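Structural description and commentary
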Amino acid sequence: MNLISLDISTKTGFAIFINNKLVSYGTLWPDRNTESFNAAYPFSYILLAQHIANKIYNQVVRPAYEQAKGNCIICIEETTTSRSNLSQKILEFIHYALLQLLQGMPVYYVRTGSWRSVIGAKLTDEEKKINSKKVKGLKYNKYLK
């Protein structure tokens, strides 16, 4: 099986499997923020989302799809609600912009809890506490500035 797995955000995580073997994985770190587009909100969000979607497509999806000779599926983690309206908005915009580029390709969405239960990934109580502290400390995502 050939699979392109994506966890889409301003810092997109990915994993590429060709013939059931992990051949590539990583994180696409942001190189721009909304301010760099010189556009007013909400257009700055649209431009950032398009930029990130193009980066995901050009650096991850297209090369992997070509390596698999078009015989692969694209699996994307489903979005879930967030306490931060602006972070949620950019996330949904990125998903939309990327889906525009993926039209005609086999795309499947997977809920977070579903894939975690399949592989047995569970947070320890300590990890949950650490994540809770991180979320409480975040006022906004610096890449949305």
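Attention here is on the structure that accompanies the text. (Residues numbered from 1 in each chain as written. Predicted model: local features only at pLDDT ≥ 70, side-chain atom pairs only at ≥ 80, totals over all residues. Heavy atoms only, no water.)

**Quick notes on the overall build of the protein chain**
The helix and strand inventory of the protein chain stands at four helices and five strands. Traced from its N-terminal end to its C-terminal end, the protein chain shows the element sequence β-β-β-α-β-α-β-α-α. For the protein chain, with 145 residues in total, the buried portion stands at 33%. Expressed as a percentage of contacts within the protein chain between residues at least 6 apart in sequence, the contacts between residues at least 24 apart total 65%. Counting only carbon and sulfur atoms, one obtains 53% of the accessible surface of the protein chain, whose full area is about 9500 Å². (Helix = DSSP H or I, 4+ residues; strand = E, 2+ residues; numbered from the N terminus. Buried < 20%, exposed > 50% of the residue type's maximum accessible area, 1.4 Å probe, protein only. Contact = heavy atoms within 4.5 Å. Areas by Shrake-Rupley, 256 points an atom, 1.4 Å probe, with all protein chains shown as cover.)

**Some points on the packing of aromatic side chains**
By the definition in use, this model includes one aromatic pair. Here the basic side chain of R32 rests over the ring of F37, its NZ or CZ set 3.8 Å away from the ring centre. (Phe/Tyr/Trp six-rings, centres within 6.5 Å; stacked < 30°, edge-to-face > 60°. Lys NZ or Arg CZ within 6 Å of the ring centre and 35° of its normal.)

**Let's talk about unusual backbone geometry**
Here the residue pair Y41 and P42 is connected by a cis peptide bond, since its omega of 5° sits within 30 degrees of zero. Its place among the elements puts P42 in the loop between strand 3 (21–28) and helix 1 (43–67). Even without a glycine there, the phi angle at N38 is positive, about 55°. Topologically, N38 is positioned in the loop between strand 3 and helix 1.

**Comments concerning the packing of helix 1 against helix 2 (residues 85–101)**
Relative to each other, helix 1 and helix 2 sit at 50°, their axes nearing to 8 Å. When the axis of helix 1 is compared with that of helix 2, the two are oblique. You can see that helix 1 and helix 2 cross each other, and the crossing is right-handed. Where helix 1 approaches helix 2, its residues Y45, I46, L48, A49, Q50, I52, A53, N54, I56 and Y57 are matched on the opposing element by L86, K89, I90, F93, I94, A97, L98 and L101. The residue inventory of the contact of helix 1 with helix 2, partitioned by class, reads 15 nonpolar, two polar and one charged. (Axes fitted to C-alpha atoms, helices over the stretch in contact; angles between N-to-C directions. Parallel < 35°, antiparallel > 145°, perpendicular 65-115°, else oblique. Left-handed = near helix turned anticlockwise from the far one by under 90°. Nonpolar A, V, L, I, M, F, W, Y, C, P; charged D, E, K, R; others polar.)

**Topic: the sheet that holds strand 4 (residues 73–77)**
Taken in spatial order, the five strands line up as 3-2-1-4-5 in an open sheet, and their pairing is mixed. Bordering the open sheet on either side are strand 3 and strand 5 (107–110), each of which pairs with just one other strand. When the angles between neighbouring strand axes are averaged without regard to direction, this sheet yields 20°. Pairing of strand 2 (residues 12–18) with strand 3 involves seven bridges; the strand directions are antiparallel. (Pairing = 2+ DSSP bridges.)

**Describing the environment of Y109**
Looking at the element boundaries, Y109 is found in strand 5. Measuring from C-alpha to C-alpha, the distance between Y109 and T79 comes to 9.1 Å, with 30 residues separating the pair along the chain. Setting aside residues up to four positions removed in sequence, Y109 forms contacts with I76, E77, E78, H95 and L99. A distance of 2.7 Å separates the side chain of Y109 from the side chain of H95, its partner in a polar contact. (Polar contact = N/O pair within 3.5 Å; in protein donor to acceptor, adjacent residues only side chain to side chain.)

**Some words on helix 1**
In an α-helix, one turn spans 3.6 residues, which is why side chains three or four residues apart end up on the same side. Between its first and last C-alpha atoms helix 1 spans 35 Å; for 25 residues at 1.5 Å apiece the expected length is 36 Å, and the two agree. K69 lies just past helix 1 and shows a positive phi near 55°. (Expected span 1.5 Å × (residues − 1).)

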